[in-house]
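Tertiary structure, described
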Amino acid sequence: MKRAVVQIPAYNEADKLPNTAREILTQRVPDNYGVDLQAWVTRSENEKGCCDTMMAAESVPEMEVFEAPVGKLSARNAAHSHAVTRGYDVIVSWDADAPPEHDGVLSELLTAVDKPGVVATNSVPTSLSRHRSLLGAAVDAVAAVEETVFPHINGQAHAITTEAWEAVGPFDDSIDQTSMSTVRGEEEFLLGRKLRRMG
């Protein structure tokens, strides 16, 4: 039996994280996999000194919750290092604001990385709105063009074998992690190029 872990990095996403986590828990999983779910929460306290995102994560009892360092790249490095230490075969990184579009997304990701020579795979990037709208359609169209012109590992949901992560990681967390474009460049485009060089 192979072991996979779904890791959700989260910062100030108390309103999104529990719903995404619960939907991931209803995903179909291939028979040859056992899957664990983890939230990696970077703390941000409210006026009462409480971290709403941490409390939201802890409201999902089936999910293991960890405190993550500041910065998405630092959080993912910590999470992935933990996955390596625990001996998982596959790491699935899933954004807190990207609930699965259907109940087979996780199965598709794990089935894809089980194929010979495949070390990583994306879900299909989707708009933030699950409802059909002109804006949603535009976001989906731009994502499709971006993937064609600049192939990359999308941040919404992707799977990577632990062996591949050990070969290409960790992310450079010395860069400016407050810049979304800089973070995307590192975690999506540079990671995609490194993985393509492997195969």
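Rules used throughout
Residues numbered from 1 in each chain as written. Predicted model: local features only at pLDDT ≥ 70, side-chain atom pairs only at ≥ 80, totals over all residues. Heavy atoms only, no water. Helix = DSSP H or I, 4+ residues; strand = E, 2+ residues; numbered from the N terminus. Buried < 20%, exposed > 50% of the residue type's maximum accessible area, 1.4 Å probe, protein only. Contact = heavy atoms within 4.5 Å. Areas by Shrake-Rupley, 256 points an atom, 1.4 Å probe, with all protein chains shown as cover. Pairing = 2+ DSSP bridges. Right-handed = clockwise from strand over helix to strand, strands pointing away. Polar contact = N/O pair within 3.5 Å; in protein donor to acceptor, adjacent residues only side chain to side chain. Salt bridge = Lys/Arg side-chain N within 4 Å of Asp/Glu carboxyl O. Axes fitted to C-alpha atoms, helices over the stretch in contact; angles between N-to-C directions.

On to the overall build of the chain, then. Secondary structure summary: the chain contains seven helices and six strands in total. Listing each helix as α and each strand as β along the chain from the N terminus yields β-α-β-α-β-α-β-α-β-α-β-α-α. Per-residue burial over the chain gives 45% buried out of 199 residues. A fraction of 77% describes how many contacts in the chain between residues 6 or more apart in sequence connect residues 24 or more apart. Looking at the chain as shown, the accessible area adds up to about 10200 Å², and 55% of this sits on carbon and sulfur atoms.

Another aspect to go through is the pairing of strand 3 (residues 64–68). Alignment of strand 2 (residues 33–42) against strand 3, held across five bridges, turns out to be parallel. Residue glutamine 38 lies in a different strand from strand 3, and its bridge partner there is glutamate 64. Considered for its hand, the β-α-β crossover made up of strand 2, helix 2 (residues 52–58) and strand 3 is right-handed.

By the secondary structure assignment, threonine 53 is in helix 2. Residue classification places threonine 53 among the buried residues on the basis of a relative accessible area of 4%. Only 3.3 Å separates the side chain of threonine 53 from the backbone nitrogen of asparagine 12, close enough to count as a polar contact.

A word on the environment of glutamine 38. Within the secondary structure, glutamine 38 sits in strand 2. Note on glutamine 38: relative accessible area 0%, which makes it buried. Here the alpha-carbon distance between glutamine 38 and proline 9, two residues 29 residues apart in the chain, equals 8.6 Å. Sequence-distant contacts of glutamine 38, that is, excluding residues within four places in its chain, are made with Val5, Val6, Gln7, Ile8, Met63, Glu64, Phe66, His82, Arg86 and Tyr88.

Next up on the list: the pattern of salt bridges. Pairs can form between side chains of opposite charge once their charged atoms are near each other. Inspection of every chain in the model, using the stated rule, returns nine salt bridges. Across the pair aspartate 95 and lysine 72 runs a salt bridge, and its minimum N-O distance is 3.1 Å. Taken together, the residues aspartate 95 in the loop between strand 4 (90–94) and helix 4 (105–113) and lysine 72 in helix 3 (residues 72–86) connect sequence positions 23 residues apart. According to the relative accessible area criterion, aspartate 95 is buried, its value standing at 13%. Here lysine 72 ties to glutamate 187 by a salt bridge, and the two come within 3.2 Å at their closest N and O atoms. You can see lysine 72 sitting in helix 3 and its partner glutamate 187 sitting in helix 7 (residues 180–198), a full 115 residues away along the chain. Overall, the relative accessible area of 27% leaves lysine 72 in the partly exposed class. Where salt bridges share partners, they join Lys72, Arg76, Asp95 and Glu187 into one cluster.

With that out of the way, let us pick up the sheet that holds strand 1 (residues 2–10). On the basis of which strands lie adjacent, the open sheet formed by six strands has the order 3-2-1-4-6-5 and mixed pairing. Where the open sheet ends on each side, the last strands, each with one partner, are strand 3 and strand 5 (120–122). Across the sheet, the mean angle from the axis of one strand to that of its neighbour is 20 degrees, orientation sign disregarded. Here three bridges tie strand 5 to strand 6 (residues 157–161), and the two strands are oriented antiparallel to one another. The residue of strand 6 that forms the bridge with asparagine 122 is histidine 158. Together, strand 1, strand 2, strand 3, strand 4 and strand 6 form the strand contacts of helix 3, whose direction differs from that of strand 1 by roughly 160 degrees. Of the strands in this sheet, strand 1, strand 2, strand 4, strand 5 and strand 6 touch helix 4, which is tilted by about 140 degrees from strand 4.

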